Amino acid sequence: AAMRSRAEVDATLQTAKLNPAELLPAVHCLSFGPQAGGGECCLLQLEPGLCAELEAGHSLVIRGEKDEHAVLCSKDKTYDMKIADTSNMLLFVPGCKTPEQLNADPASCNIIHSQIAGFSNNYWELRRCRPKLKKLRKLLMEDPYNGPDSQKDQTSTFSKYTTEDLLSLIQASEEEILHQLQVIDACKIEGYWRILDFDYEMKLLNHVTQLIDSESWPLSKVPLCACLEELGSLEPREMIEHILVSYGRKYVDAGEVFFEMHEDKICRAIAQMLLQNAVKFNLSEFEEVWQQSVPEGMTTRLDQLQGLALVDKSSRPETIFLLKVEDLPEDNQERFNSLFGIREKWTEVDITPYIQDLCAEKQTVGALLTKYARSSMLNGVKVYNSRRPIS
Amino acid sequence: LAQWVLVELQGEVEPRQSGGLAGSLLGDLHYTCEGVPVLIVGHHILYGKVVQLEKPFAVLVKQGGAPQPSPAGPHGHYTVTALIKTKLLFRTRPKPIITHVPKKV
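Right, let's walk through the structure included here. (Residues numbered from 1 in each chain as written. Chains lettered and ligands numbered in written order. Predicted model: local features only at pLDDT ≥ 70, side-chain atom pairs only at ≥ 80, totals over all residues. Heavy atoms only, no water.)

1. Focus: the overall build of chain A
Part 1 of the reasoning: For chain A, the count of helices and strands is 15 helices and 18 strands.
Part 2 of the reasoning: Since a compact globule built from 391 residues should have a radius of gyration of about 21 Å, the 31 Å found for chain A marks it as more spread out than a globular shape.
Part 3 of the reasoning: When its C-alpha atoms are laid out on the principal axes, chain A stretches across 95 × 60 × 45 Å.
Part 4 of the reasoning: Taking the intrachain contacts of chain A between residues at least 6 apart in sequence as the baseline, contacts between residues at least 24 apart amount to 62%.
Part 5 of the reasoning: Carbon and sulfur atoms form 49% of the exposed surface of chain A, whose accessible area is close to 20,600 Å². (Helix = DSSP H or I, 4+ residues; strand = E, 2+ residues; numbered from the N terminus. Rg over C-alpha atoms; globule rule 2.2 N^0.38 Å. Contact = heavy atoms within 4.5 Å. Areas by Shrake-Rupley, 256 points an atom, 1.4 Å probe, with all protein chains shown as cover.)

Structural data, given as structure tokens:
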């Protein structure tokens, strides 16, 4: 279409009975650009902070396989994406000036020919969500690392994952993924992220705790160098350091590297080792064996097992069994269904470790319970059960 | 990043001639001295207002011309082409322009 002239614009104003004296001198003649109907442009409504991130040059990434709902990731946050429809027509116009901009630049053109780049009657809305990290553990558990002598590792045809691989497969921001890799004690071996096979991990831990015992080192001051020297012939040095990092806090004192061992984490790991061998245990027998199995100087406590094991106080004698929160579903409703399938009624104290990770930013466990459970009193204690009948 | 403007109109925009919208004129956009946007579209005058968006928009352009977004979400690579922080909202009912045919004297 030919570009409109000033004369044509003025004629239209006259027909419309608009007084040019009441208008700013500049006019935008809007037309549809060549790509306008193509549907290649879409609108994304930005949550606070994202606009600033984009202007600072950071990127946003949309992640998700074909069978997953897409999420949008900034460098440290994850958002669910949802289409919002509007009954209005939204046109996106490059180079269109506002009255302020026109007034600020008196020399601006009299006629601005603006091409509408695209139009839509919907846009993507964002809602901050929990990063979908369960898949991360699942991928790394496909091929846990069993040590350098493991036959499987050499001939393995399983997928191994680099950071880039994980970034393209996991619906979470890079920071959330890297943080989670730390939380699950993953380590990089030959450029691939690996999780240790649990038995191998316990073997490494055992080397270290035995050494601590035989050298009579205080649990709060375990020297890295000595560990590497003494154990280097048994296991790769990287693995020895990795187990110290996983189960201790690294610090430097007088130029030397030491580790303050996490008593709770070590006791918890040893409990897992004991509990995974049977469906359930007599509680008092377990507590005795557990205390005897942990390193000298460490004290076991049941609260170390939150999210790992569950005590059944209704059975006679009382029993304990392994129940790992990371094995449970990631979706809120599915998680609650699963928990109520395991036990009909839960106290808040018992259920909290198994739903804590579901809390969104600023959401409390209480709010989750109100939404997904129904409360009642049982023997003077408040308990929660399912809102719906469990088949 | 380029800054674009959103123009929000009630209803739908249809081409006068068949053959799609690409390349065709929409209308003239003026502002009054007080900064009120005035859009002349066909035989209508629309009065609107300038709105600073509380939640700005990003304009995403799909790379590689893949199929339309699926219900599960937009898949593929997108580039942020522009940001939109301002919209011109035309919500008032369009006033029709009645054209006089001048009588020949």
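There's plenty left to go through after this.
2. Regarding the sheet that holds strand β13 (residues 281–282) of chain A
All names here are of chain A.
Part 1 of the reasoning: Reading across the sheet, the three strands line up as β13-β15-β14 and stay open at both edges, with antiparallel pairing between neighbours. Two strands in the sheet have a free side with no partner beyond their single neighbour: β13 and β14 (309–312).
Part 2 of the reasoning: Alignment of β14 against strand β15 (residues 319–322), held across four bridges, turns out to be antiparallel. Looking at the pairing, A309 lines up with L322 of β15. (Pairing = 2+ DSSP bridges.)

3. A few points about the interface of chain A and chain B
Part 1 of the reasoning: Chain A puts 63 residues into the contact, and the matching count from chain B is 57 residues.
Part 2 of the reasoning: With both sides pooled, the region where chain A packs onto chain B buries about 5,300 Å², and carbon together with sulfur makes up 67% of that total.
Part 3 of the reasoning: Taken as a group, A:L30, A:F32 and A:M89 account for 12% of the area that chain A buries against chain B, more than any other trio of residues on that side.
Part 4 of the reasoning: Where chain A meets chain B, there are three salt bridges.
Part 5 of the reasoning: At the boundary of chain A with chain B, the tally comes to 18 residue pairs in polar contact (both at pLDDT 80 or more). (Buried area = accessible area lost by both parts, 1.4 Å probe. Salt bridge = Lys/Arg side-chain N within 4 Å of Asp/Glu carboxyl O. Polar contact = N/O pair within 3.5 Å; in protein donor to acceptor, adjacent residues only side chain to side chain.)

4. Considerations on the layout of surface pockets
Residue and element names in this part refer to chain A.
Part 1 of the reasoning: There is about 1,700 Å³ of room inside the largest pocket.
Part 2 of the reasoning: Taken together, 50 residues line the largest pocket, and the ones lying closest to its centre are R137, Q180, V183, I184 and E326.
Part 3 of the reasoning: The set of elements that each furnish at least two residues to the lining of the largest pocket consists of α4 (134–140), α7 (174–183), β8 (187–189), α8 (198–215), α10 (237–247), α11 (263–275) and α14 (348–355).
Part 4 of the reasoning: When its residues are assigned to classes, the lining of the largest pocket shows 21 nonpolar, 11 polar and 18 charged. (1 Å grid on protein atoms, 1.4 Å probe; cavity = no way out; pocket = protein on both sides within 12 Å on 5 of 7 lines; lining within 4 Å. Points joined across faces, edges and corners; volume = space filled by probe spheres on them. Nonpolar A, V, L, I, M, F, W, Y, C, P; charged D, E, K, R; others polar.)

5. Focus: the side chain of A:Q272
Part 1 of the reasoning: Relative to the elements of secondary structure, A:Q272 occurs in helix α11.
Part 2 of the reasoning: Setting aside chain neighbours within four positions, we find A:Q272 in contact with A:F198, A:L308, A:L322 and A:K324.

6. Comments concerning the sheet that holds strand β16 (residues 346–347) of chain A
Residue and element names in this part refer to chain A.
Part 1 of the reasoning: Pairing is antiparallel across the open sheet formed by three strands, whose spatial order is β16-β18-β17. Lying at the two open borders of the sheet, with one neighbouring strand each, are β16 and β17 (373–378).
Part 2 of the reasoning: The pairing of β16 with strand β18 (residues 381–386) spans two bridges and is antiparallel. For T347, the partnering residue across the bridge sits in β18 and is V383.
Part 3 of the reasoning: In this fold helix α13 (residues 332–342) packs onto β16, β17 and β18, with an angle of close to 115° to the strand it touches most, β18.
Part 4 of the reasoning: The strands touched by helix α15 (residues 365–372) within the sheet are β17 and β18, with β17 carrying the most contacts at an inclination of about 95°. (Axes fitted to C-alpha atoms, helices over the stretch in contact; angles between N-to-C directions.)

7. Concerning the pattern of salt bridges
All names here are of chain A.
Part 1 of the reasoning: Inspection of every chain in the model, using the stated rule, returns 19 salt bridges over all chains.
Part 2 of the reasoning: Across the pair D80 and K132 runs a salt bridge, and its minimum N-O distance is 3.5 Å. On the criterion of sequence distance, the pair formed by D80 in strand β5 (residues 78–94) and K132 in the loop between β7 (118–129) and α4 is long-range, its members being 52 residues apart.
Part 3 of the reasoning: Here K250 and E241 are joined by a salt bridge, their closest N and O atoms 3.2 Å apart.
Part 4 of the reasoning: K250 gets classed as partly exposed once you look at its relative accessible area, which sits at 45%.
Part 5 of the reasoning: Members of the salt-bridge network, linked through shared partners, are D264, R301 and D303. (Buried < 20%, exposed > 50% of the residue type's maximum accessible area, 1.4 Å probe, protein only.)

8. Points about empty space enclosed by the protein
All names here are of chain A.
Part 1 of the reasoning: Scanning the model with the defined rule gives one cavity of 30 Å³ or more in all.
Part 2 of the reasoning: What the largest cavity holds in volume is close to 30 Å³.
Part 3 of the reasoning: Along the walls of the largest cavity sit L139, L140, D143, S159, K160, Y161, W193, R194 and I195, which together make up its complete lining.
Part 4 of the reasoning: Breaking the lining of the largest cavity down by element, the ones donating at least two residues are α4 and β9 (192–194).
Part 5 of the reasoning: Split into classes, the residues belonging to the lining of the largest cavity amount to five nonpolar, one polar and three charged.

9. Some thoughts on the pairing of β17(A)
Residue and element names in this part refer to chain A.
Part 1 of the reasoning: Pairing geometry for β17 and β18, over six bridges, is antiparallel. The partner of S375 across the bridge, within β18, is Y384.
Part 2 of the reasoning: With antiparallel pairing between neighbouring strands as the criterion, β17 and β18 make up a hairpin whose turn holds two residues, including N379 at a positive phi of roughly 50°.

10. Let's talk about the packing of helix α9 (residues 224–231) of chain A against α10(A)
All names here are of chain A.
Part 1 of the reasoning: Closest axis-to-axis distance for the α9/α10 pair is 10 Å, and the angle between their directions is 135°. Judged on the interaxial angle alone, α10 and α9 are oblique. In terms of crossing hand, the pair formed by α9 and α10 is right-handed. For the pair α9 and α10, the contacting residues are L224, C227, L228 and L231 in the first and R237, I240, E241 and L244 in the second. (Parallel < 35°, antiparallel > 145°, perpendicular 65-115°, else oblique. Left-handed = near helix turned anticlockwise from the far one by under 90°.)

11. Considering α14(A)
Residues and elements named next belong to chain A.
Part 1 of the reasoning: Of all the eight residues making up α14, six are buried; the element is thus mostly covered by neighbouring parts of the structure.
Part 2 of the reasoning: Taken together, the buried positions of α14 are D350, I351, T352, P353, Y354 and I355.
Part 3 of the reasoning: Tucked inside the fold, the buried residues of α14 contact β14, α13, β16 and α15.

12. Considering the nonpolar core
Part 1 of the reasoning: Core analysis: the largest hydrophobic core is formed by 42 residues, its most contacted members being A:L244, A:M261 and A:W290.
Part 2 of the reasoning: Secondary structure elements with two or more residues in this core: β8, α8, α9, α10, β12 (256–261), α11, α12 (283–293) and β14 of chain A.
Part 3 of the reasoning: Considering every element that reaches this core, the biggest residue donor is α8(A), with eight residues.
Part 4 of the reasoning: Shared between two domains, this core holds at least three residues of each, these being domain 2 (133–195) and domain 3 (198–261) of chain A.
Part 5 of the reasoning: Ignoring anything within four residues of it in the chain, the contact list for A:L244 reads A:V208, A:V222, A:L224, A:C227, A:F259 and A:M261.
Part 6 of the reasoning: A:L24, B:L26, B:L29 and B:L39 belong to the second-largest nonpolar core, a separate cluster that totals 23 residues. (Core = buried A, V, L, I, M, F, W, Y, C linked by side-chain atoms within 4.5 Å. Domains from an automatic or database assignment.)

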